[in-house]
Amino acid sequence: MISQFRQERPDQRSSAPIQLGELLRAPDSPPGPLPSAPSPGPTGVEDRETGRKDGTERVRKKSGGTESSLGTSSLFRKLRSSNRGELDGGKGETVEDRGTRAAINSSYKSWVCPKSFVHFDAQSILFDLHEAAAQRGFVTQRRNTATGASAASVSLSVSRSSASVNDPIYSSIEDLTLSLDQGSTTPSLGVDPLDCAGAQSSSPLLLSCPHFLNETGGHGERNISFLSSSLERGGDGGGGDGGRGWLRKSNASVSVVEVATEEQATRLERLKLYSIEHVDLGARYYRDYFHGKEHSNYFGTDDKLGPVALSIRREKLEDTKDLKDQYQYRLIVRTSELVTLRGSILEDAVASTGKHGTVRGLPLKEVLEQVVPELNVSCLRLSLSTAKVTEQLLKLDEQGLSQKHKVGVLLCRAGQSTEEEMYNNEEASPAFSAFLELLGEQVLLKGFTKYAAQLDTKTDSTGTHSLYTTYQGYEIMFHVSTMLPYMPSNPQQLLRKRHIGNDIVTIIFQEPGALPFTPQNIRSHFQHVFVIVRVHNPCSENTYYSVAVTRMKDVPPFGPPIPSGVTFRDPETFRNFLLAKVINAENAAHKSEKFHTMATRTRQEYLRDLAENYVSSTPLDSAGKLNNLISLASKKRERTKAREGAELGAAGAVAWRVQAQDFSGGGGAELPCALGVSAEYIVLIDCSTKEVVFNCFCADVIGWTPERLALKIFYGRGDHIAVRVPEGGAQDIREMVQRLKLLTVGCETVDMTLRRNGLGQLGFHVRLDGTVAEVEEYGFAWQAGLRQGSRLVEICKVAAVTLTHEQMIDLLRTSVTVKVVIIPPYEEGGPRRGCTEEYEMKTMEQKPEPEPLAAGYRPSPRQTWRWENSPVPQVLHPTSMQRWAPIGPPPPPLVRSHKPLMPLHHLHYEAHMYLWLHADVIWSLITEHCLYFSSSLLQEKQDKVVLLAEMANLRENNQRLQVESQTASEQLRKFTISWFFISSFHMPLSVRSLSRWGLTI
């Protein structure tokens, strides 16, 4: 492989050209060709030995003659660029090439798959026929460029004055600028201005470098949900656990979305391991659902798409509930692009002239016209029924899958940093040997039957031993520099570099005192990712490791993320983290421009071979023509309408094009995305970068807020995503809501405005997780519809998931107008919880019985609960407690077997051990009782306040009645006097009568 990608140029670190000084003194001069400038050094090292100076390539003769006499060439020779002039100056794409690519990208409108088609995996959602047609001709124009570490190690490049500001950040070596530091005569390479500060940060392990992005810790994957990825994972990565604290798959590991029911039951158990990312697991779709079953394959060459290969299979559905005899068509559409359409469509969702649900089925032409109407089905021919066709299709689909990886390992001693210094370390140091023992198992190469990674297993020509291990079903063979043959007479150590220089991922092991690493010291076109591991306090009880990663710019990010400021002390945790990191690194590197181009050209060759050599003369629509001949005299039948919404109950992903709100940047900008909802996942895929930017389990969805053209989906403990559809897409929102109702345990949210009673109380209590614990019966909150088990997701327009329990209580107490958004509980009154929250609660509740310990063993008093503040509640503030503590009654006491009576000192020892072993349980019991007593005390105080208020009210009423009685008596007396005066005009009154009433004359 080295010779196939060799560039016929001298070593890039040879003497500088004569014109270098003139170029540095005249930076504003127009760029021009530099015939004497050295080009990037090649991956292969044979050129230096042969001393070849001309640019003519020698064609090696094969066993049957020269290449021209054979009439063919190897696959890798076909992938090489035929024009050697393209490599002059280390150039990649020219300005014209970029303009051509930009024109192609803007000349077509994105093709959207019909919603009736249900996708099998995430990449199928972004399948675009228009893009495949537009990119068909551009693939052959891509040029062989300097890639890998060689792109960074070049010491001279052309000026960027003609480059556009909008060039992609992974453009080739002409993006390197030349600068001259003051006080130095050595030219240095400028940093790409499009690089972010974090990606170009340096550390004691790693220096910033052009064309490479650094990961030194603290940066998680991109996630556009309301809570950022770092907040969800606790910020510090779980204390050295690599950021696995949050029960969620990483976005880069989401592939297959149509998951079998038996696998759904173990979804959360699998998350205990690090995710393997950037693997197209959907490539096994043909092997799992077509191979060995009755199906049809059709090949042909479309005028716009080029060679295409199609596989289709009709199968009967088992569980169809009320509907009988339901069928679906599984479909694979392959074009020259690596994105493949995989999925299925229900027969009822196809508008057809045939009858649905019959044994005969529908015409395949009508099925394809429903899914891919732009495809010219007349060019398709039925494939030959041979084993070779199946073998070729399996190779075509699974060309990117590999369970075997090879990783280089270089030792960097104190004071070393260059490639030659690391390759010339003859023996392993004690610290390096300890690291290798942690990493894998040392195996004898002679007679080794497992994956050997091109090492000699017969004659020991590549050494006698090597390092081998397995992780999650992947085989990893390490090319360890000190285990490969050492040649004292060859300072370049070609026998070592021929293996490590061709590894995509390389581990740089730094001993204390080693200089920071930079890819500029490495000459290789294949080494795209470097994982730097530095040991601290080696060969001691306090040994720990720190990690940094640098990758080429066109290599996408990969996990697990490096926690910020965290070092690895536990060997098993560090081993799992490092193995997952190097596997994901190689998988991600295959998506870089170099390997993507190679894979695309290989795919084109496979498709062209199938379309030309493995087809029969039977067209796709032959069955339809036969039906027309039989029914010539009959009236032409009209197509029956498809059943509306037939796909909404399918297990695969139904997709909609939406504008998703991106909360990761803080501004909430909108991104054009594809929303996919399957029975297992909800995913958002960025249409521009073609990467998954959000995912969650469907079983984790607890509610949603629909509007006419917008939708919020709540999941977990209340986090959410927000999407919007363009004007006229209200039907899409209704379909999304219907899909969520069928597949999730959630429901629509309810807006409430709560009033306070005479004492200023709202009349309900809130648990730590935001669920309502108790509602005062017939109070204002009860009348508004609030019930026990409701979950608060928004309080006064503030997301409850961002608030602590104390902040929630404070916001509810101090707000003048309390407006909340709640998710109603189940009918039986329980709160709606996602699968991850229930799993966390069960994990905390199910504490295993400790194993019997040896006499004299003292277990570690490590606190197993993580408190956000003091676990001791304050009497006046009983709500200040840990946020995610278990809620409910105290756990029942542990059942222990009865033991015979024993002496007092033995009882003392047993009691001491019991307290140590069950300290967390006892502490939880004490905490629960303290909380209960504090709540009771607070309730008594509140009741006392209510009683005092009622007594004061009674006193006021008594005083008011006394005043009213006196007033009534006085009014009656005045009325009587008036009556007597009036009646004196009609009858005489004696003095005695007047005196009886207390009147005098």
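Residues numbered from 1 in each chain as written. Predicted model: local features only at pLDDT ≥ 70, side-chain atom pairs only at ≥ 80, totals over all residues. Heavy atoms only, no water.

Going by the annotation in an unreviewed UniProt entry, the name recorded for the protein is Signal-induced proliferation-associated 1 like 3, with Neolamprologus brichardi given as the source organism.

K.L.:
Could you give an account of the overall build of the protein, naming the residues involved and the relevant values?
P.N.:
A count of helical and extended segments in the protein gives 27 helices and 31 strands. Expressed as a percentage of its 1001 residues, the buried residues of the protein come to 47%. In the protein, 68% of the contacts between residues at least 6 apart in sequence involve partners at least 24 apart. Accessible area for the protein stands at about 50700 Å²; split by element, carbon and sulfur atoms hold 54% of it. (Helix = DSSP H or I, 4+ residues; strand = E, 2+ residues; numbered from the N terminus. Buried < 20%, exposed > 50% of the residue type's maximum accessible area, 1.4 Å probe, protein only. Contact = heavy atoms within 4.5 Å. Areas by Shrake-Rupley, 256 points an atom, 1.4 Å probe, with all protein chains shown as cover.)

K.L.:
Could you give an account of the nonpolar core, naming the residues involved and the relevant values?
P.N.:
The biggest cluster of nonpolar side chains holds 76 residues, and the ones touching the most others in it are Phe435, Phe478, Ile507, Phe509, Val531, Val533 and Phe574. By residue number, the principal contributor to this core is helix H18 (residues 571-589), which donates 10 residues. Among all residues touching phenylalanine 574, those that are not within four sequence positions of it are Phe435, Leu438, Val533, Tyr545, Val547 and Phe568. Counting 32 residues, the second-largest nonpolar core is a separate cluster that includes Cys698, Val701, Val723 and Met736. (Core = buried A, V, L, I, M, F, W, Y, C linked by side-chain atoms within 4.5 Å.)

K.L.:
Any chance you could break down helix H13 (residues 364-371) for me, citing the residues and the numbers?
P.N.:
Among all positions in H13, only Glu366, Val367, Leu368 and Val371 are buried. In this structure, the buried residues of H13 make contact with strand S1 (117-119), strand S6 (306-316), strand S7 (327-334) and strand S8 (341-346).

K.L.:
Tell me about the UniProt feature "coiled-coil region" (unreviewed entry) in the protein, and name the residues and values.
P.N.:
Those residues carrying the UniProt feature "coiled-coil region" (unreviewed entry) are residues 937-971 in this numbering. In residues 937-971, helix accounts for 100% and strand for 0%; the two terminal C-alpha atoms are 51 Å from one another. (UniProt positions renumbered as here; feature names shortened; annotations may be inferred.)

K.L.:
Which residues make up the packing of helix H14 (residues 387-397) against helix H19 (residues 593-613), and what values do they have?
P.N.:
Where H14 meets H19, the closest approach of the two axes is 10 Å, and the angle between their N-to-C directions is 160°. As judged from the angle between their axes, H14 and H19 are roughly antiparallel. Note that H14 runs across H19; the crossing there is left-handed. Residues Gln392, Leu393, Lys395 and Leu396 of H14 form the contact with H19, whose participating residues are Arg603, Tyr606, Leu607, Asp609 and Leu610. Tallied by class, the residues present in the contact of H14 with H19 amount to five nonpolar, one polar and three charged. (Axes fitted to C-alpha atoms, helices over the stretch in contact; angles between N-to-C directions. Parallel < 35°, antiparallel > 145°, perpendicular 65-115°, else oblique. Left-handed = near helix turned anticlockwise from the far one by under 90°. Nonpolar A, V, L, I, M, F, W, Y, C, P; charged D, E, K, R; others polar.)

K.L.:
Report on the sheet that holds strand S29 (residues 791-795), specifying residues and quantitative values.
P.N.:
In space, the four strands of this open sheet follow the order S26-S31-S29-S30, with antiparallel pairing throughout. Each end of this open sheet is capped by a strand with a single partner; those strands are strand S26 (750-754) and strand S30 (798-799). Relative to strand S31 (residues 818-823), S29 runs antiparallel, the two sharing four bridges. Within the sheet, the bridge partner assigned to isoleucine 795 lies in S31 and is valine 820. Sitting on the sheet, helix H23 (residues 805-814) is in contact with S29, S30 and S31, with an inclination near 65° to S29. (Pairing = 2+ DSSP bridges.)

K.L.:
Describe the packing of aromatic side chains, naming the residues involved and giving the relevant values.
P.N.:
Throughout the structure, instances matching the rule amount to 21 aromatic pairs. Ring plane angle 75° and centroid distance 6.0 Å describe the contact between tyrosine 274 and phenylalanine 577, whose orientation is recorded as edge-to-face. Within this pair, whereas tyrosine 274 is found in the loop between helix H11 (267-270) and helix H12 (285-289), its partner phenylalanine 577 is found in helix H18, the two being separated by 303 residues in sequence. With a relative accessible area of 4%, tyrosine 274 lands in the buried category. The exposure class of phenylalanine 577 is buried, given its relative accessible area of 0%. Where phenylalanine 526 meets phenylalanine 595, the ring centres are 6.2 Å apart and the plane angle is 50°; that geometry is what we call tilted. Of the two residues, phenylalanine 526 sits in the loop between strand S14 (505-510) and strand S15 (529-536) while phenylalanine 595 sits in helix H19, which places them 69 residues apart along the sequence. The burial state of phenylalanine 526 is the same as that of phenylalanine 595; both residues are buried. A connected cluster of aromatic rings, assembled from ring pairs, spans Tyr274, Phe432, Phe435, Phe509, Tyr545, Phe568, Phe574 and Phe577. Lying over the aromatic face of phenylalanine 697, arginine 267 brings its terminal NZ or CZ to 5.5 Å of the ring centre. The positively charged end of lysine 594 is found above the aromatic ring belonging to phenylalanine 526, 5.7 Å away from the centroid. (Phe/Tyr/Trp six-rings, centres within 6.5 Å; stacked < 30°, edge-to-face > 60°. Lys NZ or Arg CZ within 6 Å of the ring centre and 35° of its normal.)

K.L.:
Which residues make up the sheet that holds strand S21 (residues 691-697), and what are the values?
P.N.:
Across the sheet, which stays open at both edges, the eight strands sit in the order S21-S20-S19-S18-S24-S23-S22-S25 with mixed pairing between neighbours. Across the chains shown, the open sheet's two edge strands, defined by having one partner strand only, are S21 and strand S25 (747-748). Relative to strand S23 (residues 710-715), strand S22 (residues 701-706) is paired through five bridges, and the arrangement is antiparallel. Each residue of the ladder has a partner; that of threonine 705, found in S23, is lysine 712.

K.L.:
So what about the side chain of lysine 581? Which residues, and what values?
P.N.:
Within the secondary structure, lysine 581 is located in helix H18. The exposure class of lysine 581 is buried, given its relative accessible area of 0%. Other than its neighbours up to four places away in sequence, lysine 581 contacts Glu215, Val549, Phe558, Gly559, Pro560, Pro561 and Ile562.

K.L.:
Hey, could you go over the pairing of S29 for me, with residue numbers and the actual values?
P.N.:
Across the five residues that make up S29, a large majority, five, are buried. Pairing between S29 and S30: two bridges, direction antiparallel. Bridging across to S30, isoleucine 795 finds its partner in valine 798. Adjacent in sequence and paired antiparallel, S29 and S30 are bridged by two residues, among which cysteine 796 carries a positive phi angle near 55°.

K.L.:
Tell me about the packing of helix H16 (residues 430-439) against H18, and name the residues and values.
P.N.:
Closest axis-to-axis distance for the H16/H18 pair is 9 Å, and the angle between their directions is 75°. Our classification of the angle between H16 and H18 gives roughly perpendicular. Packed against H16, whose contacting residues are Phe435, Leu438 and Leu439, the element H18 presents Pro571, Phe574, Arg575, Leu578 and Leu579 at the interface. Its residues placed into classes, the contact of H16 with H18 shows seven nonpolar, no polar and one charged.

K.L.:
Now, about the environment of alanine 514: what can you tell me, with residues and values included?
P.N.:
With respect to the helices and strands, alanine 514 occurs in the loop between S14 and S15. On the basis of relative accessibility, which here comes to 6%, the residue alanine 514 falls in the buried class. Considered as a pair, alanine 514 and alanine 414 are 100 residues apart in the sequence and their alpha carbons are 3.9 Å apart. With residues near it in sequence (within four places) discarded, alanine 514 still touches Cys412, Arg413, Ala414, Gly415, Gln416 and Arg534.

K.L.:
Give me the lowdown on the side chain of glutamine 527, citing residues and values where you can.
P.N.:
Considering the arrangement of structural elements, one finds glutamine 527 in the loop between S14 and S15. The buried category is assigned to glutamine 527, whose relative accessible area is 1%. Of note is the side chain of glutamine 527, whose polar atom sits 3.5 Å from the backbone oxygen of isoleucine 500. (Polar contact = N/O pair within 3.5 Å; in protein donor to acceptor, adjacent residues only side chain to side chain.)

K.L.:
Can you break down H14 residue by residue, with the values?
P.N.:
Along H14, the residues classified as buried are Val389, Thr390, Gln392, Leu393, Leu394, Leu396 and Asp397. Elements in contact with the buried residues of H14: H12, strand S5 (296-302), S6, S7, strand S9 (381-383) and H19.

K.L.:
Can you tell me about the pattern of salt bridges, naming the residues and giving the values?
P.N.:
A pair can form between side chains of opposite charge whenever their charged atoms are brought close. Taken as a whole and judged by the stated rule, the model has 33 salt bridges. Put simply, aspartate 280 and arginine 342 hold a salt bridge, and the shortest N to O gap is 3.2 Å. Taken together, the residues aspartate 280 in the loop between H11 and H12 and arginine 342 in strand S8 connect sequence positions 62 residues apart. Under the relative-accessibility criterion, arginine 342 is labelled buried at 3%. Among the ionic pairs, arginine 330 bridges to glutamate 315, the shortest N-O distance being 2.7 Å. Highlighted residues: arginine 330 in strand S7 and glutamate 315 in strand S6, separated in sequence by 15 residues. Taken as a pair, arginine 330 and glutamate 315 share a single burial class, namely buried. Linked by salt bridges that have partners in common, Arg717, Asp769, Arg791, Arg833, Glu837 and Glu840 make up one network. (Salt bridge = Lys/Arg side-chain N within 4 Å of Asp/Glu carboxyl O.)

K.L.:
Which residues make up the environment of alanine 722, and what values go with them?
P.N.:
You can see alanine 722 is positioned in strand S24 (residues 719-724). Sequence separation between alanine 722 and aspartate 662 is 60 residues; the distance between their C-alpha atoms is 8.4 Å. The residues touching alanine 722, leaving out its near neighbours within four places in the chain, are Gln659, Ala660, Gln661, Phe663, Leu711 and Lys712.

K.L.:
Any chance you could break down the confidence of the model for the protein for me, citing the residues and the numbers?
P.N.:
For any part of a model where pLDDT is low, the fine detail of the predicted coordinates should not be relied upon. On average, residues of the protein carry a pLDDT of 75, and 68% of them reach 70 or more. Here strand S2 (residues 178-180) is the element of the protein with the lowest mean pLDDT, 33, and strand S13 (residues 474-480) is the one with the highest, 95. Taken together, the stretch residues 1-100 has pLDDT below 50 and engages in 151 contacts with residues farther than four places along the chain or on a different chain. Ignoring residues within four places in sequence, the model shows residues 155-198, a span with pLDDT below 50, making 87 contacts including any to other chains. (pLDDT = per-residue confidence, 0-100.)

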